[in-house]
Amino acid sequence: MNRKTALSNRIYPYIVVLFILTMIGCGKDNKVVIESFTDPNEVPTIYSKDVSTLISDSGVTRYRVVAPDWYMYENSETPRWYFPRGIYLETFDDDYNVAAFLEGDTAIFYKNKRLWEIRGDVKMANTNDERFFTEQLFWSQDAKKIYSDTIIHIERGDRIIEGLGFESNQNMTQYKILKTTGIFPVEDMRRKEATSTDALDTLKQESAVTNEKK
């Protein structure tokens with residue numbers, strides 16, 4: 001036996017023991033990490049940043065998506081796209097003109113249902129210059145319908161309409177409010193806002209005078 005072989009024989013048992021101790025000490029933690037990173041419900045298959053892209057429906061370009069973050073869970077039990085930091089959507093008509101837009105603080109697209117859910121400070125507008133504000137809405141691509149059961153605020157050229165729940169076509173040009181809570185002429189609303197502003201200014205002035213006297 002030469003010197004090199006003898007040295008290897010002496011070192012080898014220590015290497016084996018060190019390997020076993022290492023596996024015993026961290027084997028459990030490694031298993032948890034592996035499980036968490038192989039769960040298709042929790043880990044996105046694709047992540048994109050600063051997205052601006054056109055998306056087709058049945059081979060036709062139908063809308064544009066702009067978002068700072070886009071997570072795709074393609075292998076999940078519920079395949080979905082997730083936009084945690086907001087989304088801006090434009091829909092196109094048959095001539096590729098912008099028919100409507102909507103934006104919200106967060107969004108989820110459920111692929112199997114072809115259903116969008118937009119939440120947060122949700123805003124929409126159509127080609128008639130009507131603007132819609134709500135807290136949550138759903139957009140079914142198959143039904144070509146947008147709907148919600150939350151508070152809706154609509155601003156038109158001549159009036160402002162408020163209600164609870166609404167249904168609309170996906171271009172927001174044909175819609176109905178499920179329960180109307182108020183209809184206000186635009187001038188009345190402007191007058192009300194101006195009155196509120198004047199009252200607030202008066203309170204501020206009175207408060208300033210009081211503080212000066214003190």
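Each chain carries its own residue numbering, running from 1 in the written order of its sequence. Where local features are concerned, this predicted model is filtered to residues with pLDDT of at least 70; where side-chain atom pairs are given and counted, the filter is 80 or more; whole-chain, interface and lining totals use all residues. The side-chain figures draw on all heavy atoms in the structure; neither hydrogens nor water molecules are used.

Stacked, tilted and edge-to-face are the three classes assigned to paired rings of Phe, Tyr and Trp, where Trp is represented by its six-membered ring and a pair needs centres within 6.5 Å; plane angles under 30 degrees give stacked, over 60 edge-to-face, the rest tilted. Under the criterion given, the structure shown has 13 aromatic pairs. With a centroid separation of 5.8 Å and an interplanar angle of 25 degrees, the aromatic rings of phenylalanine 83 and tryptophan 116 are classed as stacked. Linking phenylalanine 83 in strand β3 (residues 80–83) with tryptophan 116 in strand β7 (residues 115–126), this pair joins segments that are 33 residues apart in sequence. Pairwise contacts between aromatic rings join Tyr63, Trp70, Trp81, Phe83, Phe109, Trp116 and Trp139 into one cluster. When the ring centre of tyrosine 147 is taken as origin, the NZ or CZ atom of lysine 145, which lies over that ring, is 5.3 Å away. Secondary structure elements follow DSSP: runs of H or I no shorter than four residues count as helices, runs of E no shorter than two count as strands, and numbering proceeds from the N terminus. The rule for a charge over a ring is simple: NZ of Lys or CZ of Arg within 6 Å of the ring centre, and within 35 degrees of the ring normal.

Turning next to the pattern of salt bridges. The working definition used for a salt bridge is a side-chain nitrogen of Lys or Arg within 4 Å of a carboxyl oxygen of Asp or Glu. Evaluated as defined, the whole model comprises 11 salt bridges. Of the charged contacts in the structure, one is a salt bridge between aspartate 121 and lysine 123, with a shortest N-O distance of 3.9 Å. For aspartate 121, a relative accessible area of 41% corresponds to the partly exposed category. Here arginine 156 ties to glutamate 130 by a salt bridge, and the two come within 3.3 Å at their closest N and O atoms. On the criterion of sequence distance, the pair formed by arginine 156 in the loop between β9 (145–155) and β10 (159–169) and glutamate 130 in the loop between β7 and β8 (131–140) is long-range, its members being 26 residues apart. Burial here depends on accessible area, computed with a 1.4 Å probe over protein chains only, as a share of the maximum for the residue type. Under 20% is buried, over 50% is exposed, and the range in between is partly exposed.

This next bit is on the side chain of histidine 153. Along the chain, the position of histidine 153 falls in strand β9. Residues in contact with histidine 153, not counting those within four places in the same chain, are Arg131, Phe132, Phe133, Ile160, Ile161 and Glu162. In what follows, residue pairs with any heavy atoms lying within 4.5 Å of each other are defined as contacts.

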